[in-house]
Amino acid sequence: MNQLKVVSFNGQLVTDSRDVAKMVGIRHSDLLEKIGGSKKVTRYITHLTNGKFRSSDFFIQHSYTDDKGEIRPCYLLTRKGCEMVANKMTGERGVLFTATYVTRFEEMEQIISQASISKNFVDFEKQLIGVKYTSEILRVDGPSKIRMLEEVHKQHGVPTNHLPKYVEEERKVALTHLLKQHGVKISAAKVNTRLIELGLLEIKERPSSNSSVKEFKSLTEQGLYYGSNAISPHNPKETQPLYYPSKFGELLSLLLGNAIEVS
């Protein structure tokens, strides 16, 4: 009575009509007749169709190969199909069949749920590793790291209340704005060139959507003293160097020693 097998078939949990027939103590051919009927007898599927129900939500036509190698018909019963068969039964066999199919379907649902949770956990861990190495390679700042982590957590339905609420000690500003504020009469492009020569800035590459290579700038470990690398608002795979206003004068002094002109 406990040999009922429940499997996943095209996204539905089902059991074989042969197993059901054994459990309820009738011939398989008789069960097929009850489900599918014949031209002379109206059965479950006909009633369902007449009532505008999808019979495949209850019974799915299928086949198997017997011991002689011949293909024979059978049905795959969903949970609804099992319930319909059970409702037509009385006595001990009906009670035991109901208890068995309910238990088997619940066990399989739990297995699938656990497998889904396990897969989600593995995917979550993989993406966390990706965030770790990406943030290290790009040398992104604290707020950008937290935003990256929040995005991964939300994608996998993981609560974010354990993540720190980062409070920046000082705002960071784009180079062009600070050069203008300090009256430096030279382009940001030329300043970036000097920063690269000084080892404070470097050019990194990333693949683009059209298989070419895109370049972007990133502050080096030494350059992080003067600012930080924020995730670019134009592309999350790039960084945008930003600078601390309080340290920009010091940076300018370093640049002035390399012939940067100021007004």
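Structure: see above.
Residues numbered from 1 in each chain as written. Predicted model: local features only at pLDDT ≥ 70, side-chain atom pairs only at ≥ 80, totals over all residues. Heavy atoms only, no water.

Asker: Any chance you could break down the sheet that holds strand E3 (residues 59–65) for me, citing the residues and the numbers?
Answerer: With antiparallel pairing, four strands are arranged side by side in an open sheet as E1-E2-E4-E3. Two strands close off the open sheet at either side, each with one partner strand: strand E1 (6–9) and E3. Between one strand axis and the next, the sheet turns through 45° on average, direction left out of account. With two bridges connecting them, strand E2 (residues 12–16) and strand E4 (residues 71–77) associate as antiparallel partners. (Pairing = 2+ DSSP bridges. Helix = DSSP H or I, 4+ residues; strand = E, 2+ residues; numbered from the N terminus. Axes fitted to C-alpha atoms, helices over the stretch in contact; angles between N-to-C directions.)

Asker: Pulling in residues and values, what's your account of the layout of surface pockets?
Answerer: What the largest pocket holds in volume is close to 320 Å³. Forming the walls of the largest pocket are 18 residues, and the residues nearest its centre are Asn192, Lys217, Thr239, Gln240 and Pro241. Elements with a contribution of two residues or more to the lining of the largest pocket: helix H7 (175–181), helix H8 (188–197), strand E6 (213–219) and strand E8 (239–243). Take the lining of the largest pocket: its biggest share by element is five residues, from E8. When the residues that make up the lining of the largest pocket are grouped by side-chain class, the tally is nine nonpolar, six polar and three charged. The calculated volume of the second largest pocket comes to roughly 230 Å³. In terms of lining residues, the second largest pocket is bounded by Gln127, Gly130, Val131, Thr134, Ser144, Arg147, Met148, Glu151, Val152, Ile231 and Pro236. If you tally residues by element for the lining of the second largest pocket, the top one is helix H6 (residues 142–155), at five residues. In terms of residue class, the lining of the second largest pocket is built from five nonpolar, four polar and two charged. (1 Å grid on protein atoms, 1.4 Å probe; cavity = no way out; pocket = protein on both sides within 12 Å on 5 of 7 lines; lining within 4 Å. Points joined across faces, edges and corners; volume = space filled by probe spheres on them. Nonpolar A, V, L, I, M, F, W, Y, C, P; charged D, E, K, R; others polar.)

Asker: A description of the environment of arginine 18 should follow, citing residues and the corresponding values.
Answerer: By secondary structure assignment, the location of arginine 18 is in helix H1 (residues 17–24). Taking the relative accessible area as the measure of exposure, arginine 18 reaches 31% and is therefore partly exposed. Put simply, arginine 18 and tyrosine 64 are 46 residues apart on the chain and 10.0 Å apart in space, counted from C-alpha to C-alpha. In contact with arginine 18, other than residues within four places in its own chain, are His28 and Tyr64. (Buried < 20%, exposed > 50% of the residue type's maximum accessible area, 1.4 Å probe, protein only. Contact = heavy atoms within 4.5 Å.)

Asker: Outline the state of the cysteines, listing residues and values.
Answerer: Such a bond, covalent and formed between the sulfur atoms of two cysteines, is termed a disulfide. Summed over all chains, the structure comprises zero disulfides. Here cysteine 74 is not cross-linked by a disulfide; its sulfur's nearest cysteine counterpart is in cysteine 82, at 13 Å. Classification of cysteine 74 as buried rests on a relative accessible area of 3%. (Disulfide = S-S within 2.5 Å.)

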